[in-house]
Amino acid sequence: MSIFKIEELRKTFTNGEVREDILKGINLSLEEGEITALVGASGSGKSTLLSIAAGLQSASEGQVIFEEKNLLDMSPTQVRKIRASSFGFVFQFAHLIPFLTVEEQLMLMLDVSESKLNKKQQKIEVNKTLLLVDMAHRKDAYPSLLSGGEKQRVAIARAIIHKPKVFFADEPTASLDSKRSKDIMSLILKLTKTFNIATLIVTHDASVYQESIN
Ligand SMILES: Nc1ncnc2c1ncn2[C@@H]1O[C@H](COP(=O)(O)OP(=O)(O)OP(=O)(O)O)[C@@H](O)[C@H]1O
């Protein structure tokens, strides 16, 4: 049984007289411990699809099923709770908070996800997660001192520290060179397998994903 499914999803935008059908009946299912990559040209609706999947935007028709329940039937509060506890996100850019250290970014995420850990346990969890993404040695650094690849590693750590069941990645390597891109993809694959996460990546360029995964 798939943990996450999208069924017959449609999204139409209306700008004045112009009606644009962006998503025209999308179906997909995500499996635990597997990466699903959705490849499409720029403007084909990938980001729109991800934001609907994550409950950040409404659909015109269709269903987004997480653990057998349709997100699109839930109240904004219910969806927010699921997002905070069970989903993780990364984007093309890391979007780290400039005035927080690496460790503080992750501590904040634990607070947002309503972690039951006390501060000492949170610090241990942060250190464990930073070790997984090879960034423990940079825990006191501010984002401005990190390279693009390092920032993305921290963003990934922040996205998985609360042990999400579903991980959404929107062009996570688009701002990196090909070596860093492959490293980041290998890392996402390792975390997907280690924590049995259902991962959905959207991209306009499939080559880096195929090379890294094969
Ligand atoms: N809120 C909105 N109102 C109207 N049109 C929108 C809105 N959001 C997105 N669109 C349009 O929907 C189409 C798909 O956009 P989207 O950002 O989902 O594409 P994408 O495949 O992620 O593109 P890219 O790879 O360039 O980021 C675009 O033509 C965009 O202009």
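Keep in mind that this is a model prediction, so the values were computed, not measured.

### A closer look at the packing of helix H3 (residues 102–112) against helix H4 (residues 119–132)
Then, in step 1: Orientation of H3 relative to H4, taken along the N-to-C sense of each, is 115°, at an axis distance of 10 Å. In the packing of H3 onto H4, the handedness of the crossing is right-handed. Residues Val102, Glu103, Leu106, Met107 and Leu110 of H3 pack against Gln122, Glu125, Val126, Thr129 and Leu130 of H4.

### Re unusual backbone geometry
Across the chain, the bulk of peptide bonds are trans and the bulk of non-glycine residues have phi less than zero.
Then, in step 1: Of note, Glu8 is a non-glycine position whose phi angle comes to about 45°, a positive value.
Then, in step 2: Tracing the sequence through the fold places Glu8 in strand E1 (residues 4–15).
Then, in step 3: One non-glycine residue, His95, lies in positive phi territory at about 50°.

### Side note on the sheet that holds strand E2 (residues 18–30)
Then, in step 1: An order of E2-E1-E4-E5 is seen for the four strands of this open sheet, with the pairing classed as antiparallel. Strands with a single pairing partner mark the edges of an open sheet, and in this sheet they are E2 and strand E5 (69–70).
Then, in step 2: As judged from the 10 bridges shared by E1 and E2, these two strands associate in the antiparallel manner. By the bridge assignment for E2, Phe13 is matched with Glu20.

### Quick notes on the site of the ligand
Then, in step 1: Close contacts around the ligand come from Phe13, Asn15, Ile22, Gly40, Ser42, Gly43, Ser44, Gly45, Lys46, Ser47, Thr48 and His204, and that covers them all.
Then, in step 2: Listing elements by their share of the shell around the ligand, those giving two or more residues are E1 and helix H1 (46–53).
Then, in step 3: Sorting elements by how many residues they give to the shell around the ligand places H1 first, with three residues.
Then, in step 4: Its residues assigned to classes, the shell around the ligand shows two nonpolar, nine polar and one charged.

### Observations regarding the sheet that holds strand E3 (residues 34–39)
Strands pair in a sheet through their backbones, by hydrogen bonds, and they do so in one of two ways: parallel or antiparallel.
Then, in step 1: One open sheet accounts for four strands, arranged E3-E8-E7-E6; its pairing is parallel. Both edges of this open sheet fall to E3 and strand E6 (87–90), since each of them pairs with a single strand only. Averaged over all neighbouring strand pairs, the angle between strand axes comes to 15°, with direction disregarded.
Then, in step 2: Pairing of E6 with strand E7 (residues 166–170) involves four bridges; the strand directions are parallel. Paired with Phe87 across the strands is Val166, a residue of E7.
Then, in step 3: In the packing of helix H6 (residues 178–194) onto the sheet, contacts are made with E3, E7 and strand E8 (198–203), and the angle to E3 comes to roughly 135°.

Cut-off values and rules
Residues numbered from 1 in each chain as written. Predicted model: local features only at pLDDT ≥ 70, side-chain atom pairs only at ≥ 80, totals over all residues. Axes fitted to C-alpha atoms, helices over the stretch in contact; angles between N-to-C directions. Helix = DSSP H or I, 4+ residues; strand = E, 2+ residues; numbered from the N terminus. Left-handed = near helix turned anticlockwise from the far one by under 90°. Contact = placed C-beta atoms within 7 Å. Pairing = 2+ DSSP bridges. Near = placed C-beta within 6 Å. Nonpolar A, V, L, I, M, F, W, Y, C, P; charged D, E, K, R; others polar.

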